[in-house]
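Close look at the chain arrangement
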Amino acid sequence: MRFQTALLGSLSIALCCFAQSGNTASDANALNRRIERRVRTTFQLPASIDVTVGKRVPSEIAGYDKVPVTLASANRSSKHDFLVSSDNKTIIEWEKLDISQDIDTTGRPERGNKDAKVTIVNYDDFECPFCSRMHQTLFPNLLKTYGTQVKIIYKDYPLVEIHPWAMHAAVNANCLVAQNSDAFWDFADYTHANQKAITGEKSTQADQYARLDQFTLDLGKKRNLDSAQLEACIKKQDETAVRASLAEGDKLGVDATPTMFVNGEVIAGILSETDLRAVIDRELREAGQTPPAPAPAPATSAEASPPKSASH
């Protein structure tokens, strides 16, 4: 699910079922309340975000009407359309994407083969918990599996309304990129794996910034970067490049994290490794390459002892 990370994300409630109801005003209000509750609970929205379900109108899709859902905070709002089936049992996100625009990856750090047939561009937020899970799916196993067949590029999309240190982290990461791409990936690996430690318990925003700055400086020493240049960049906190990435993402229809483009095909939200591999494999076949074989299933033994615990 992609939205918990986003203040104003495109709401991926695909095929959510609701009890059938009639067409009275009371029934319509009841359906709207169910939609609102599902949006809030599915994406764990804070109480500070208002969810408003609008008027139901006919859509261009047979068997479905269109219902707008507006999300709003103190300083930002956005509207997202849903299709509601005529029997009121199913809602599906309705999103049109502009595929006419290219993504500018100039100067962005890459992992993988620069000449790979499959390029994955990920709009990422360092403080986003779902981004953390997606990052763990991408690295290291998926990249190791595909080797020279894929290239992965990260773009900035910090959700500043709900993630207090995401912008600061993005700026620091760009300070590292300016001198060394490997340092950026060190930073990405660390922040995604240590979000709770960075946030801390009962810590102030200044504390969070200090933790990020110290780790960034430590990486600079590890990678033998120009310390004076790095310190000046961290202190300046120039958001220009990050804001440009946000604006580009907005034009492409990105409004939540993680959002990936696999050879231009948009994938919004968390995707399992199996599902992501299916997308990559299709792109490789279209490019005339053979995807890697699936990993063999773990060996089993009739004499193996049962696990002591099956808890998750």
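We now turn to the structure provided with this report. (Residues numbered from 1 in each chain as written. Predicted model: local features only at pLDDT ≥ 70, side-chain atom pairs only at ≥ 80, totals over all residues. Heavy atoms only, no water.)

1. Observations concerning the overall build of the protein chain
Where we set the bar: By the criteria applied, helices consist of DSSP H or I runs no shorter than four residues and strands consist of E runs no shorter than two, each listed in order from the N terminus. Relative accessibility under 20% of the residue-type maximum defines a buried residue, over 50% an exposed one, and the middle range a partly exposed one, all with a 1.4 Å probe and only protein chains included. The contact rule is simple, with two residues in contact once any of their heavy atoms fall within 4.5 Å. Computed with a 1.4 Å probe, the accessible areas rest on the Shrake-Rupley method; for each residue, only the protein chains presented here act as cover.
Along the protein chain, the regular secondary structure elements total 9 helices and 11 strands. A total of 312 residues make up the protein chain; the buried ones form 43% of that total. Here the contacts in the protein chain between residues at least 6 apart in sequence split such that 68% fall between residues at least 24 apart. Looking at the protein chain as shown, the accessible area adds up to about 16,400 Å², and 50% of this sits on carbon and sulfur atoms.

2. Observations regarding the pairing of strand β4 (residues 64-72)
Basically, it comes down to this: In short, DSSP must find at least two bridges between two strands for them to pair.
Across 4 bridges, strand β2 (residues 50-53) lies against β4 in antiparallel orientation. Paired with T52 across the bridge in β4 is T70. Looking at chain direction, strand β3 (residues 57-58) and β4 are connected through 2 bridges and run antiparallel. Within the sheet, the bridge partner assigned to V57 lies in β4 and is K66. Here β4 runs beside strand β5 (residues 77-85); their pairing, made up of 9 bridges, is antiparallel. Looking at the pairing, L71 lines up with S78 of β5. A loop of 4 residues connects β4 with β5, the two strands running antiparallel in sequence.

3. Observations regarding the sheet that holds strand β10 (residues 259-262)
The line we're drawing: Here, axes are lines fitted to C-alpha atoms. For helices the fit covers the stretch in contact, and angles between N-to-C directions go from 0 to 180 degrees.
Taking strand neighbours across the sheet as the criterion, the 5 strands line up as β7-β9-β8-β10-β11 in an open arrangement whose pairing is mixed. Looking at which strands have only one partner, the edges of the open sheet turn out to be β7 (110-112) and β11 (265-268). Pairwise comparison of adjacent strand axes, ignoring direction, gives a mean angle of 20° for this sheet. Strand direction decides the pairing type here: strand β8 (residues 118-124) and strand β9 (residues 150-156), joined by 7 bridges, are parallel. Residue pairing in the sheet places Y123 in a bridge with K155 of β9.

4. Focus: the layout of surface pockets
Rule in force here: Buriedness of a pocket was judged along seven lines, with at least five required to meet protein on both sides within 12 Å; pockets are open sets of points on a 1 Å grid over the protein atoms alone, cavities are sets where a 1.4 Å probe fits but cannot get out, and lining residues have an atom within 4 Å of a point. Grid points are joined across faces, edges and corners, and a volume is the space filled by probe spheres set on the points. Each residue receives one of three labels: charged for Asp, Glu, Lys and Arg, nonpolar for Ala, Val, Leu, Ile, Met, Phe, Trp, Tyr, Cys and Pro, and polar for the others, Gly being one of them.
For the largest pocket, the calculated volume is near 340 Å³. Sorting the residues of the lining of the largest pocket by element identifies β9, α3 (166-177) and α8 (240-251) as the ones contributing at least two each. A class-by-class count of the residues in the lining of the largest pocket yields 7 nonpolar, 3 polar and 6 charged.

5. Looking at unusual backbone geometry
Looking along the chain, the bond that leaves F139 and enters P140 is cis, with omega of 0°. Relative to the helices and strands, P140 resides in helix α2 (residues 129-146). In this structure, the amide linkage connecting T257 to the following residue, P258, adopts the cis form with an omega of -10°. Note that P258 resides in the loop between α8 and β10. The backbone of K202 shows a phi angle near 55°, a positive value even though the residue is not glycine. Tracing the backbone shows K202 in the loop between α5 (195-199) and α6 (205-222). Relative accessible area serves as the criterion here: at 90%, K202 is assigned to the exposed category. A positive phi is found at N263, a non-glycine position, where the angle reads about 50°. Accessibility expressed as a relative area gives 35% for N263, which makes it partly exposed.

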